[in-house]
Amino acid sequence: DGGITQSPKYLFRKEGQNVTLSCEQNLNHDAMYWYRQDPGQGLRLIYYSQIVNDFQKGDIAEGYSVSREKKESFPLTVTSAQKNPTAFYLCASSGTSGSSNEQYFGPGTRLTVT
Amino acid sequence: GQSLEQPSEVTAVEGAIVQINCTYQTSGFYGLSWYQQHDGGAPTFLSYNGLDGLEETGRFSSFLSRSDSYGYLLLQELQMKDSASYFCAVRAAGNKLTFGGGTRVLVKP
């Protein structure tokens, strides 16, 4: 089955620790994205990558870092510099041609930092 | 930058019709997308309007007016399973999406 996997589903960390969230896709999509969602709110773009070895900051990149060494993988690191890291993190991928470029989302990782 | 406005909540009964409006202010507009998200789940794509007019996909339709910076999602023959949050999202260059705050639709029997 083609799709996007994110692991783990729930993650708990202490303040001051960096944590890396996994995102893997087997849809052969060139573009991948990371979003953050806070309760009752919309999705906000953290980072995106349109091709391997290249990525751009989204609207709320501060305190986060990414890498794109393989087409299938786009891990997100939440650093200790992120002031309020507790949130629901969603990874997505899409093609780069076509009219709608529908984004396909993974199941998300719920991160709690105490 | 981009900003989008949509109502926070709508309540309707089964079988009814609901219209969710979305107004936006943006630079570099390519089109308007709609996504559905059930509680605790991932967003799923519903519809996309790149040109003015109506797009129909089964019970759901979406409309766009570029000149008015306005679009809507129409949910017809509402079912209990349609209870979810619905997000409009502006598509910009690089397939970047900027999402609205979401409209929570509650369907009552």
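Anything mentioned here points back to the structure above.
Because the structure is predicted, anything quoted here is derived from the model rather than measured. (Residues numbered from 1 in each chain as written. Chains lettered and ligands numbered in written order. Predicted model: local features only at pLDDT ≥ 70, side-chain atom pairs only at ≥ 80, totals over all residues. Heavy atoms only, no water.)

(A) Geometry of the overall build of chain B. Broken down by element type, chain B carries 0 helices and 11 strands. In terms of C-alpha radius of gyration, chain B reaches 13 Å, essentially the compact-globule figure of 13 Å for 109 residues. When each of the 109 residues of chain B is scored for burial, the buried share is 50%. Considering only residue pairs separated by 6 or more positions, chain B has 55% of its internal contacts joining residues 24 or more positions apart. Of the roughly 5000 Å² of accessible surface on chain B, a fraction of 49% belongs to carbon and sulfur atoms. With 7 positive and 10 negative side-chain charges, chain B shows a separation of 7 Å between the mean positions of the two kinds. (Helix = DSSP H or I, 4+ residues; strand = E, 2+ residues; numbered from the N terminus. Rg over C-alpha atoms; globule rule 2.2 N^0.38 Å. Buried < 20%, exposed > 50% of the residue type's maximum accessible area, 1.4 Å probe, protein only. Contact = heavy atoms within 4.5 Å. Areas by Shrake-Rupley, 256 points an atom, 1.4 Å probe, with all protein chains shown as cover. Lys, Arg positive; Asp, Glu negative; His and termini not counted. Charge placed at Lys NZ, Arg CZ, Asp CG, Glu CD.)

(B) Quick peek at the sheet that holds strand β7 (residues 64–66) of chain A. Residue and element names in this part refer to chain A. Across the sheet, 4 strands lie side by side as β1-β3-β8-β7; this open sheet has antiparallel pairing. At either end of the open sheet lies a strand with only one pairing partner, and these are β1 (4–7) and β7. Sheet twist, expressed as the average angle between the axes of neighbouring strands with direction ignored, equals 20 degrees. Pairing geometry for strand β3 (residues 19–25) and strand β8 (residues 76–78), over 3 bridges, is antiparallel. Within the sheet, the bridge partner assigned to L21 lies in β8 and is L76. (Pairing = 2+ DSSP bridges. Axes fitted to C-alpha atoms, helices over the stretch in contact; angles between N-to-C directions.)

It is worth stressing that arrangement in space is one thing and function is another; only the former is reported here.
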